[in-house]
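# Working through the structure, step by step
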Amino acid sequence: LGFCPFLALWLVRGVGGGDVKLLGAIGAIKGTTFVAHTMLYSLFFGAFLGLVAAGTRGQLGPILRRVGYTLYHSVQPGLGPTVHVDVKGPKVNFGPAICLGTWLCLVGQVAGRQVLNL
């Protein structure tokens, strides 16, 4: 369960191969429920770390403008191009987010309940 969704992200160059293998290993060791929670937590941590990285690099404003432009053109079709992908944009390592998500999931297991129930 941890391998397949992130394999799809790897195919579109959203994450690296190491991230795919790491979640696959976590799923093999801890099981499907644990890795599902870990993936959800990791996505939240990854989004937060990405916002922090963009903010510290001075790129948060242009990124938010592109997101706003894309959302606006999603509800108003035909107003112009909606794809503004910056292929050479900044990269953020997703491994730390996976580690933080795994840690939060382990803490939830020790405490007897998860932070978010799926």
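Residues numbered from 1 in each chain as written. Predicted model: local features only at pLDDT ≥ 70, side-chain atom pairs only at ≥ 80, totals over all residues. Heavy atoms only, no water.

### Here's the deal with the side chain of D19
With respect to the element layout, D19 can be found in helix α2 (residues 17–30). Buried charge without a salt bridge: D19, with K21 as the nearest opposite-charge side chain at an N-O distance of 9.7 Å. Residues within four places of D19 in sequence aside, it is in contact with F94, G95 and I98. (Helix = DSSP H or I, 4+ residues; strand = E, 2+ residues; numbered from the N terminus. Buried < 20%, exposed > 50% of the residue type's maximum accessible area, 1.4 Å probe, protein only. Lys, Arg positive; Asp, Glu negative; His and termini not counted. Salt bridge = Lys/Arg side-chain N within 4 Å of Asp/Glu carboxyl O. Contact = heavy atoms within 4.5 Å.)

### Quick word on the confidence of the model for the protein
Looking at the protein, the pLDDT average stands at 82 and 83% of residues meet or exceed 70. When the elements of the protein are averaged for pLDDT, helix α1 (residues 3–11) gives the smallest value, 81, and helix α5 (residues 95–111) the largest, 91. (pLDDT = per-residue confidence, 0-100.)

### What to know about the nonpolar core
If you look at the biggest cluster of nonpolar residues, it comprises 13 residues, and the most contacted ones within it are F6, V15, L23, I26, F94 and I98. For this core, the elements supplying multiple residues, two or more each, are α2, α3 (32–56) and α5. For this core, the element with the highest residue contribution is α3, accounting for four residues. Beyond its immediate stretch of four places on either side in the chain, I98 contacts D19, L22, L23, I26, T38 and S42. (Core = buried A, V, L, I, M, F, W, Y, C linked by side-chain atoms within 4.5 Å.)

### Regarding the packing of α2 against α5
Here α2 crosses α5 at 15 degrees, and the two axes come no closer than 10 Å. Overall, the two elements α2 and α5 adopt an arrangement that is roughly parallel. Our pair here, α2 against α5, has a crossing hand that is right-handed. Contacts between α2 and α5 pair D19, L22, L23, I26 and K30 from the former with G95, I98, T102, L106 and Q109 from the latter. (Axes fitted to C-alpha atoms, helices over the stretch in contact; angles between N-to-C directions. Parallel < 35°, antiparallel > 145°, perpendicular 65-115°, else oblique. Left-handed = near helix turned anticlockwise from the far one by under 90°.)

### Overview of a nonpolar patch on the surface
Residues L9, W10, L11 and V12 make up a contiguous nonpolar surface patch of about 400 Å² in total accessible area. Assignment of secondary structure puts L11 in helix α1. (Patch = residues over 30% accessible without salt bridge, like charges linked within 9 Å, V, L, I, M, F, W, Y side chains within 5 Å. Areas by Shrake-Rupley, 256 points an atom, 1.4 Å probe, with all protein chains shown as cover.)

### Points about α3
Note: α-helices contain 3.6 residues per turn, so residues at a spacing of three or four share the same orientation. Over its 25 residues, α3 extends 36 Å from the first C-alpha to the last, a length consistent with the 36 Å expected when each residue adds 1.5 Å. Along α3, the positions that sit buried rather than exposed are F34, V35, H37, T38, M39, Y41, S42, G46, A53 and A54. G58 sits one or two positions beyond α3 and adopts a positive phi of about 75 degrees. (Expected span 1.5 Å × (residues − 1).)

### Focus on the packing of aromatic side chains
Scanning the model with the defined rule gives zero aromatic pairs in all. Directly above the ring of F34 sits K30, whose terminal nitrogen or CZ lies 5.2 Å from the centroid. (Phe/Tyr/Trp six-rings, centres within 6.5 Å; stacked < 30°, edge-to-face > 60°. Lys NZ or Arg CZ within 6 Å of the ring centre and 35° of its normal.)

### Concerning the packing of α1 against α2
Two measures define how a pair of helices packs: the angle their axes make with one another and the distance between the axes. Contact geometry for α1 and α2: axes closest at 8 Å, N-to-C directions at 175 degrees. Between α1 and α2, the angle is such that the two are roughly antiparallel. Facing α1, whose interface residues are F3, F6, L7 and W10, α2 presents G17, V20, L23 and G24. Of the residues in the contact of α1 with α2, the class split is six nonpolar, two polar and no charged. (Nonpolar A, V, L, I, M, F, W, Y, C, P; charged D, E, K, R; others polar.)

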